[in-house]
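Secondary and tertiary structure notes
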Amino acid sequence: MESVPRHLRFDTALWAMPWILRDDPEIRRILLDTDDPVEVALLRSAIDPGGQAIKRFVSQVKPFLNPNGKVFLITSEFIPNDIILAHTRDEGFEVDLETFAQDVSVVKRPEISLDLCQIELTRP
């Protein structure tokens, strides 16, 4: 949010959040073993240990929103959304969680699927 001019205000903000909120040893191993810059960039964009980047975004976005402005966070059941929901409520947002896609396959293995959700935050 540091690069957004302080005078700008928005009705809506959207973020497809990182989906790994813990330090995963397997992901760390892959990052250390790969020389592929695209793979490294993709993995780094998916990792947010402890949800720190998400929490920082939620804490910093409010001054950029018009009254009744909304933030949409795209998430999944794979993410510990309770951490994010608690933080957004602590920041004073009205919060609504809605599942918009069920049993989505994210890899070519039928036994692995998840539900996709959006967290809708409304600035009071």
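Let me begin by describing the structure that accompanies this report. (Residues numbered from 1 in each chain as written. Predicted model: local features only at pLDDT ≥ 70, side-chain atom pairs only at ≥ 80, totals over all residues. Heavy atoms only, no water.)

Counting secondary structure elements, the protein contains four helices and four strands. Mapped from its N terminus to its C terminus, the protein presents α and β elements in the order β-α-α-α-β-α-β-β. Looking at the protein as a whole, 33% of its 124 residues qualify as buried. Residue pairs in contact within the protein that sit at least 24 positions apart in sequence constitute 72% of those at least 6 positions apart. Carbon and sulfur atoms form 54% of the exposed surface of the protein, whose accessible area is close to 7,900 Å². (Helix = DSSP H or I, 4+ residues; strand = E, 2+ residues; numbered from the N terminus. Buried < 20%, exposed > 50% of the residue type's maximum accessible area, 1.4 Å probe, protein only. Contact = heavy atoms within 4.5 Å. Areas by Shrake-Rupley, 256 points an atom, 1.4 Å probe, with all protein chains shown as cover.)

The next point concerns the nonpolar core. With 15 residues, the main nonpolar core has Phe-57, Val-58, Val-61, Val-71, Leu-73 and Leu-121 as its most contacted residues. Looking at this core, the elements that each hand over two or more residues are helix 3 (52-61), strand 2 (65-76), helix 4 (81-90) and strand 4 (114-122). With four residues, the top contributor of residues to this core is helix 3. When near neighbours in sequence (up to four residues on either side) are disregarded, Phe-57 contacts Met-1, Ala-13, Trp-15, Val-71 and Leu-73. (Core = buried A, V, L, I, M, F, W, Y, C linked by side-chain atoms within 4.5 Å.)

Next up on the list: the packing of helix 1 (residues 25-33) against helix 2 (residues 37-46). One can describe the packing of helix 1 onto helix 2 by two numbers: an axis separation of 9 Å at closest approach and a directional angle of 155 degrees. Looking at the two axes, helix 1 sits roughly antiparallel to helix 2. By crossing handedness, the relation of helix 1 to helix 2 is classed as left-handed. Contacts between helix 1 and helix 2 involve Ile-27, Ile-30 and Leu-31 from the first element and Glu-39, Val-40, Leu-43 and Arg-44 from the second. (Axes fitted to C-alpha atoms, helices over the stretch in contact; angles between N-to-C directions. Parallel < 35°, antiparallel > 145°, perpendicular 65-115°, else oblique. Left-handed = near helix turned anticlockwise from the far one by under 90°.)

Time to look at helix 3. If you check which residues of helix 3 are buried, you get Ile-54, Phe-57, Val-58 and Val-61. Projected down its long axis, helix 3 shows its buried positions confined to an angular sector of 95 degrees, all on one face. (Arc of directions from axis to C-beta.)

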